[in-house]
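Fold and contact review
Chain residues, written in single-letter form:
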Amino acid sequence: MATDPTAVPRRTRLVRRLVREAARLIAAVGLALDSYLHAHLADRYDLVSADISQGTLFRIEAGFAAAAAVLILLWRRWPAELFAWSVAAGGLTLLLIYRYADIGAWGPFPDMYEPIWYGDKVFTVVVEAVAVVATSYLLVTSFLMWSKRGRPRRRGRRRAHAAGGRRV
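First, a word on scope: everything that follows refers to the structure included in this document. (Residues numbered from 1 in each chain as written. Predicted model: local features only at pLDDT ≥ 70, side-chain atom pairs only at ≥ 80, totals over all residues. Heavy atoms only, no water.)

1. Considering the overall build of the chain
Selection criterion: Here a strand is any run of E in DSSP of at least two residues, a helix any run of H or I of at least four, and the numbering for each starts at the N terminus. A contact between two residues is defined here by any heavy atoms of the two lying within 4.5 Å.
When helices and strands are counted, the chain shows 4 helices and 0 strands. In the chain, the order of α-helices and β-strands from amino to carboxyl end is α-α-α-α. In the chain, the share of contacts with a sequence separation of at least 24, taken over all contacts with a separation of at least 6, comes to 64%.

2. Section: helix H2 (residues 54–74)
This is how the line gets drawn: What a helix is expected to span follows from its residue count: subtract one and scale by 1.5 Å. Exposure categories follow from relative accessible area, calculated using a 1.4 Å probe and restricted to protein chains: below 20% of the type maximum is buried, above 50% is exposed, and the middle band is partly exposed. Regarding the arc, it is the one traced by the directions from the helix axis to the C-beta atoms.
With 21 residues, H2 should cover 30 Å at 1.5 Å per step; its first-to-last C-alpha distance of 30 Å lies within 8% of that length. Among all positions in H2, only Gln 54, Gly 55, Leu 57, Phe 58, Glu 61, Ala 62, Ala 65, Ala 68, Ala 69 and Ile 72 are buried. The arc enclosing the buried residues of H2, seen along the axis, measures out at 150°, which places them on a common side.

3. Details of the nonpolar core
Defined as follows: What we call a nonpolar core is a set of buried Ala, Val, Leu, Ile, Met, Phe, Trp, Tyr and Cys residues that are connected through their side-chain atoms within 4.5 Å.
Counting 19 residues, the largest nonpolar core has Leu 31, Ala 68, Ile 72, Ala 84, Val 87, Ala 88 and Val 132 as the members making the most contacts within it. Those elements that provide at least two residues to this core are helix H1 (10–41), H2, helix H3 (78–100) and helix H4 (119–162). Among the elements that line this core, the one with the most residues is H3, at 6 residues.

4. Comments concerning the layout of surface pockets
Worth spelling out the cut-off: Using only the protein atoms, space was sampled on a 1 Å grid; points where a 1.4 Å probe fits but cannot get out form cavities, open sets with protein on both sides within 12 Å along at least five of seven lines form pockets, and lining residues are those with an atom within 4 Å of a point. Grid points are joined across faces, edges and corners, and a volume is the space filled by probe spheres set on the points. Charged means Asp, Glu, Lys or Arg here, nonpolar means Ala, Val, Leu, Ile, Met, Phe, Trp, Tyr, Cys or Pro, and polar covers whatever is left, Gly included.
Taken as a whole, the second largest pocket spans an internal volume of roughly 620 Å³. Taken together, 29 residues make up the lining of the second largest pocket; nearest its centre are His 38, Phe 58, Gly 91, Leu 94 and Met 112. Counting only elements with at least two residues in the lining of the second largest pocket, the list comes to H1, H2, H3 and H4. Per element, the largest residue contribution to the lining of the second largest pocket is 10 residues, and it comes from H3. A breakdown of the residues in the lining of the second largest pocket according to their chemical character gives 18 nonpolar, 6 polar and 5 charged.

5. A few points about the packing of aromatic side chains
Defined as follows: Ring geometry is summarised as follows: Phe, Tyr and Trp rings, the Trp one being its six-membered ring, pair when their centres sit within 6.5 Å, and such pairs are stacked at plane angles under 30 degrees, edge-to-face over 60 and tilted between the two.
Using the criterion set out here, one finds 4 aromatic pairs in the structure. On the basis of an interplanar angle of 75° and a centroid distance of 6.2 Å, the ring pair of Phe 64 and Phe 83 is categorised as edge-to-face. Residue Phe 64 is found in helix H2, and its partner Phe 83 is found in helix H3; the two are separated by 19 residues along the sequence. Phe 64 gets classed as partly exposed once you look at its relative accessible area, which sits at 43%. Between Tyr 100 and Trp 117 the ring centres are 6.2 Å apart and the planes differ by 65°, which places this aromatic pair in the edge-to-face class.

6. Regarding the pattern of salt bridges
Where charged atoms from two side chains of opposite charge come close, those side chains can pair. So the rule is basically this: Any carboxyl oxygen of Asp or Glu that lies within 4 Å of a side-chain nitrogen of Lys or Arg is treated as forming a salt bridge with it.
Enumeration over the complete set of coordinates arrives at 7 salt bridges. Linking Glu 114 and Lys 121 is a salt bridge whose minimum nitrogen-to-oxygen distance equals 3.3 Å. Taking relative accessible area as the criterion, Lys 121 reaches 6% and is therefore assigned buried. Here the salt bridges share partners, and the residues they tie into one network are Arg 20, Glu 21, Arg 24, Arg 76 and Glu 81.

7. As for the side chain of Thr 141
Rules: Two N or O atoms form a polar contact when they lie within 3.5 Å of each other; inside protein one atom must be a possible hydrogen donor and the other a possible acceptor, and for residues adjacent in sequence the pair counts only when both atoms belong to side chains.
Position of Thr 141 relative to the elements: it lies in helix H4. A distance of 2.3 Å separates a polar atom in the side chain of Thr 141 from a polar atom in the side chain of Arg 20.

8. Quick notes on the environment of Val 133
Secondary-structure assignment places Val 133 in helix H4. Sequence separation of Val 133 and Trp 85 is 48 residues, and the distance between their C-alpha atoms is 8.5 Å.

9. Description of the side chain of Glu 114
Structurally, Glu 114 can be placed in the loop between H3 and H4. For Glu 114, a relative accessible area of 19% puts it in the buried group.

Below you can see the structure in the form of structure tokens.
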């Protein structure tokens, strides 16, 4: 009885699937907490405004984070993972920029420089960083799974086409 030496054992596939599902759940929880924190803090920042208030931006972030959390749980595809990563990474990046750099008001956006750390801000950094790590893992493993499935089919098609329709 011959076995394929390149085949992944069933147990390994199960472990990979469980780790991916755990990462998906961790990302969703991180995004849900991020959504809650931004919605909770939004009214405190309504007075910081230019054309649009910082409170409104917090509400927009809360909506995006909630949508990303739901999407990553319900639609198990790389576009959902990419959207969730973008929301988490974008929120974390902006939080750190506005913590350490006073870039002032920019277009319709207010000056959101806040050079202090407090409990809710630290917790937001943690949950966004956890969501970035979890969604990064999901994106990398999605790409690796896609590339393993996609390559052999493409090579076979190219060879058949190059040989005038005959498979080489």
